[in-house]
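Residue-level listing of the chains:
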Amino acid sequence: MRRTLALALALSGAALSAQDITGGLHTGLSLPVGDLKDKSGLGTNQFFGAHVGGHLDFNLTSHHQVRGVITYQNFPGSEWGTGSSQNDYTALQIGADWVYHFQNPNQGWYTIAGASINSIKDEWEFTNGAGLRISGSASQSGKLGIRGGGGYTFNKMFSLEGTLNQVFVDKNGGDGFGFDTATWAQVSAVFRFGR
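Residues numbered from 1 in each chain as written. Predicted model: local features only at pLDDT ≥ 70, side-chain atom pairs only at ≥ 80, totals over all residues. Heavy atoms only, no water.

## Remarks on the pairing of strand 3 (residues 64-75)
Then, in step 1: Side-chain alternation along strand 3 places Gln-65, Arg-67, Val-69, Thr-71, Gln-73 and Phe-75 on a buried face and His-64, Val-66, Gly-68, Ile-70, Tyr-72 and Asn-74 on a face that remains uncovered.
Then, in step 2: Inspection of the sheet shows strand 2 (residues 49-59) paired to strand 3 by 10 bridges, in the antiparallel sense. Note on strand 3: the bridge partner recorded for Gly-53 is Thr-71.
Then, in step 3: Adjacent in sequence and paired antiparallel, strand 2 and strand 3 are bridged by 4 residues.
Then, in step 4: Bridge count between strand 3 and strand 4 (residues 85-101): 12 bridges; the pairing is antiparallel. Bridge assignment links Asn-74 to a residue of strand 4, and that residue is Thr-90. (Buried < 20%, exposed > 50% of the residue type's maximum accessible area, 1.4 Å probe, protein only. Helix = DSSP H or I, 4+ residues; strand = E, 2+ residues; numbered from the N terminus. Pairing = 2+ DSSP bridges.)

## Some words on unusual backbone geometry
A negative phi angle characterises most non-glycine residues, just as the trans form characterises most peptide bonds.
Then, in step 1: For Asn-45, which is not glycine, the phi dihedral falls at a positive 60°.
Then, in step 2: Among the secondary structure elements, Asn-45 is positioned in the loop between helix 2 (35-38) and strand 2.

## A short note on the side chain of Thr-44
Then, in step 1: Relative to the helices and strands, Thr-44 resides in the loop between helix 2 and strand 2.
Then, in step 2: For Thr-44, a relative accessible area of 0% corresponds to the buried category.
Then, in step 3: Not counting chain neighbours up to four residues away, the residues in contact with Thr-44 comprise Pro-32, Leu-36, Lys-37, Phe-75, Pro-76, Gly-77, Ser-78, Asn-87 and Tyr-89. (Contact = heavy atoms within 4.5 Å.)

## Considering the pattern of salt bridges
Then, in step 1: One pass over the full model with this rule turns up 8 salt bridges.
Then, in step 2: Of the charged contacts in the structure, one is a salt bridge between Arg-192 and Asp-57, with a shortest N-O distance of 3.3 Å. Taken together, the residues span a long stretch of sequence, with Arg-192 in strand 8 (residues 181-193) and Asp-57 in strand 2 at a distance of 135 residues.
Then, in step 3: Classification of Arg-192 by relative accessible area gives buried; the value is 1%.
Then, in step 4: Since its relative accessible area comes to 0%, Asp-57 is described here as buried.
Then, in step 5: Across the pair Glu-123 and Lys-121 runs a salt bridge whose closest N-O atoms are separated by 3.5 Å.
Then, in step 6: Residue class for Glu-123 comes out partly exposed when judged on its relative accessible area of 43%.
Then, in step 7: Because the salt bridges share partners, they merge into one network encompassing Asp-57, Arg-67, Glu-161 and Arg-192. (Salt bridge = Lys/Arg side-chain N within 4 Å of Asp/Glu carboxyl O.)

## Some details on the nonpolar core
Then, in step 1: Counting 12 residues, the largest nonpolar core consists of Leu-36, Phe-75, Tyr-89, Ala-91, Ile-120, Ala-138, Val-167, Val-169, Phe-177, Phe-179, Ala-182 and Trp-184.
Then, in step 2: Contributions of two or more residues to this core are made by strand 4 and strand 8.
Then, in step 3: In contact with Val-167, not counting residues within four places along its chain, are Asn-118, Ile-120, Lys-143, Leu-144, Gly-145, Asp-180, Thr-181, Ala-182 and Trp-184. (Core = buried A, V, L, I, M, F, W, Y, C linked by side-chain atoms within 4.5 Å.)

## Side note on the sheet that holds strand 8
Then, in step 1: Spatially, 8 strands are ordered 1-2-3-4-5-6-7-8 in a closed barrel, and the strand pairing comes out antiparallel. Neighbour to neighbour, the strand axes of the sheet diverge by 25° on average, direction disregarded.
Then, in step 2: Pairing of strand 1 (residues 21-33) with strand 8, which is carried by 11 bridges, proceeds in the antiparallel orientation. In the strand pairing of strand 8, Leu-29 is matched with Val-187. (Axes fitted to C-alpha atoms, helices over the stretch in contact; angles between N-to-C directions.)

## Overview of the packing of aromatic side chains
Then, in step 1: Tallied over the full model, the rule gives 10 aromatic pairs.
Then, in step 2: Taking 6.1 Å as the distance between ring centres and 55° as the angle between the ring planes, the aromatic pair formed by Tyr-89 and Phe-179 counts as tilted. Here Tyr-89 is found in strand 4, whereas its partner Phe-179 is found in the loop between strand 7 (158-168) and strand 8, with 90 residues between them in sequence. Note on accessibility: Tyr-89 and Phe-179 belong to one class, buried.
Then, in step 3: Measuring from centroid to centroid gives 5.4 Å for Phe-158 and Phe-191, while their planes differ by 45°, and the two rings are tilted. Here Phe-158 is found in strand 7, whereas its partner Phe-191 is found in strand 8, with 33 residues between them in sequence.
Then, in step 4: In this structure an aromatic cluster arises from ring pairing among Trp-109, Tyr-152, Phe-154, Phe-158 and Phe-191. (Phe/Tyr/Trp six-rings, centres within 6.5 Å; stacked < 30°, edge-to-face > 60°.)

Structure below.
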């Protein structure tokens, strides 16, 4: 009898706490900065990229929230000129954010601090002065990333947010990118479901 009562209480507590779990989608622009954009022959040489992803929100209190996030980033490149390369970067991020809501999760300003594990790939193509093209790729997995930013929740289903993301990558080696941090600003439209 005690086991049945304990199991019933545990299941009711889990059901009540599950009401504070929501999910959603986010998408928007990713703007490479620093070496990811500007390093001659190695960066994207482009202003815009894009991203799409999903998240689960766990409301701990009316102000504190933990968010599990998965995001796919695409940073297309353009040529640096004749006799140079074009670099197209993609990244898959899995991470968690600590979100602080100044009012509540359904309205108002909030801040974000997060960490992620990243898999980043550079698909490059080099064109020499005679028009000969050589292509290849470099990829790195398990790279630590951090991010911070903020946003505004308009209602329980929609927010706009911006973050600055930085991933620590290997500069040298067979899969080195030629720089040690990949940095980008991210502007997202966030759609939530389940509240």
